[in-house]
Amino acid sequence: MSRLPVSLLLGAALSAGFLAAALLSFVWTPHDVESLVIANRLQPAGGDFPLGTDQFGRDLLSMLMVGARTSIAVALVAVGIGITLGVPLGLAAAATRGSLLDEIIMRGNDLIFAFPSLVIAILITAVFGPSALNAILAIGIFNIPVFARVARGGALSLWTLDYVLSARTAGKGKVRISAEHILPNIANLLIVQATIQFSLGILAEAALSYVGLGAQPPTPSWGRMLADAQTMIYTHPMLAVLPGLAIVLMVLGLNLMGDGLRDVLDPRLRRQRT
């Protein structure tokens, strides 16, 4: 039995640490993140405030914990939207390759790709106003064509294989073949892509919150923490370093985990290791 890649173990450990902090924040944080105590503003690390406080007297450790919850929730739901809508579209396009439906789906994907998630978020917030929900919609919409293309590309290489031809000869329809034979065999591609999109979702959520289009105060967000700290970066650099480091480590962990999963799930790489 081959050993798991170091990148998978390290990435899983980093990701699990942030996930544990996010889950713990639902039931406990060292201090209330919505409580503004000006007397405690800009306290150094130590004592009751292990990482210090910000300019509003809020505990930075508590802010980072709840910020992890916000970022993970937004990215997770956005990836879920991409998988739920994008994968069926990709499978449908592959099953009807060269048809009008295939052309409509792929050209629709190209249209969405022409507008980055930040532009989509601006359009949505112009109508509905800035919020975490609108950030989820913007990132989720951008994820749909990503998963559609991955699913279509993986499925196209399978439709000409013998076992699929046998299923068609047995009278199975395209929908049933896609569900029973195609989807299970491209699951590894979708899992790896999901980890990549999850890390990109963390970055996108931070970027949207930084420009004021994501989670709104008093809900903590790593991007919002960076925005609030930008005027104090020279006098109190830890206000920006801590949320920035959290984003870097979270994204690094997810990318390492994605690379490790690719090594484990890709049959060609498995054969090379053995």
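Residues numbered from 1 in each chain as written. Predicted model: local features only at pLDDT ≥ 70, side-chain atom pairs only at ≥ 80, totals over all residues. Heavy atoms only, no water.

(A) Representation of the overall build of the protein within the structure. On a plain count of helices and strands, the protein comes out with ten helices and zero strands. Counting from the amino terminus, the protein carries its helices and strands in the arrangement α-α-α-α-α-α-α-α-α-α. Every one of the 274 residues in the protein was classed for burial, and the buried ones make up 44%. A separation threshold of at least 6 residues defines the contact pool for the protein, and within that pool the share at least 24 residues apart is 68%. (Helix = DSSP H or I, 4+ residues; strand = E, 2+ residues; numbered from the N terminus. Buried < 20%, exposed > 50% of the residue type's maximum accessible area, 1.4 Å probe, protein only. Contact = heavy atoms within 4.5 Å.)

(B) How the structure looks around helix H8 (residues 222-229). Burial analysis of H8 places six of its eight residues in the buried class, the great majority of the element. Among the residues of H8, those classed as buried are Trp222, Gly223, Arg224, Met225, Ala227 and Ala229. The inward-facing, buried residues of H8 contact helix H1 (6-24), helix H2 (60-95), helix H7 (174-210) and helix H9 (238-265).

(C) Layout of the environment of Ile182. Here Ile182 lies in helix H7. Distance in space between the C-alpha atoms of Ile182 and Gly90 is 11 Å, their sequence separation being 92 residues.

(D) Quick peek at the packing of helix H6 (residues 162-169) against H7. Packing of H6 against H7 leaves a shortest axis separation of 10 Å and a crossing angle of 160°. With respect to their mutual orientation, H6 and H7 come out roughly antiparallel. Here H6 runs over H7; the crossing is right-handed. Where H6 approaches H7, its residues Tyr163, Val164, Ala167 and Arg168 are matched on the opposing element by Lys174, Ile177, His181, Ile182 and Asn185. (Axes fitted to C-alpha atoms, helices over the stretch in contact; angles between N-to-C directions. Parallel < 35°, antiparallel > 145°, perpendicular 65-115°, else oblique. Left-handed = near helix turned anticlockwise from the far one by under 90°.)

(E) Region of interest: the layout of surface pockets. Taken as a whole, the second largest pocket encloses approximately 170 Å³ of empty space. The dominant element in the lining of the second largest pocket, judged by the number of residues it contributes, is H8, at three residues. Partitioned by chemical class, the residues of the lining of the second largest pocket number eight nonpolar, one polar and four charged. (1 Å grid on protein atoms, 1.4 Å probe; cavity = no way out; pocket = protein on both sides within 12 Å on 5 of 7 lines; lining within 4 Å. Points joined across faces, edges and corners; volume = space filled by probe spheres on them. Nonpolar A, V, L, I, M, F, W, Y, C, P; charged D, E, K, R; others polar.)

(F) Structural view of the packing of H2 against helix H5 (residues 132-156). Two numbers describe how H2 lies on H5: the axes approach to 5 Å, and their chain directions differ by 35°. You can see that H2 and H5 cross each other, and the crossing is right-handed. Across the contact of H2 with H5, the residue classes break down as 22 nonpolar, five polar and one charged.

(G) Focus on empty space enclosed by the protein. By the definition in use, this model includes one cavity of 30 Å³ or more. As a volume, the largest cavity reaches approximately 60 Å³. When contributions to the lining of the largest cavity are tallied by element, the ones reaching two or more residues are H2 and H8. For the lining of the largest cavity, the leading source of residues is H8, giving three residues. Its residues assigned to classes, the lining of the largest cavity shows five nonpolar, one polar and three charged.

(H) Representation of the packing of aromatic side chains. Evaluated as defined, the whole model comprises two aromatic pairs. On the numbers, 5.8 Å between centres and 90° between planes, the contact of Phe113 with Phe142 is edge-to-face. Note that Phe113 is positioned in helix H3 (residues 100-113) and Phe142 in helix H5, a separation of 29 residues in sequence. Given the relative accessible area of 29%, Phe113 is considered partly exposed. We note Arg69 situated over the ring of Phe26; from NZ or CZ to the ring centre the distance is 4.7 Å. (Phe/Tyr/Trp six-rings, centres within 6.5 Å; stacked < 30°, edge-to-face > 60°. Lys NZ or Arg CZ within 6 Å of the ring centre and 35° of its normal.)

(I) Region of the structure containing the confidence of the model for the protein. Of all residues in the protein, 96% have pLDDT values of 70 or greater, and the mean over the chain is 90. Per-residue pLDDT, averaged within each element of the protein, yields its smallest value for helix H10 (residues 267-273) (54) and its largest for H2 (95). (pLDDT = per-residue confidence, 0-100.)

(J) Local environment of the side chain of Ser15. You can see Ser15 is positioned in helix H1. Excluding residues within four positions of it along the chain, Ser15 makes contact with Gly253, Leu254 and Met257.

(K) Looking closely at H7. Between its first and last C-alpha, H7 extends only 45 Å over 37 residues, short of the 54 Å set by a 1.5 Å rise per residue. At Leu183, H7 shows its largest kink, close to 50°, and the proline Pro184 lies no more than four residues downstream. Positive phi shows up at Gly212, right after H7, with a value of about 90°. (Expected span 1.5 Å × (residues − 1). Bend = angle between axes of the 7 residues up to and from the residue.)

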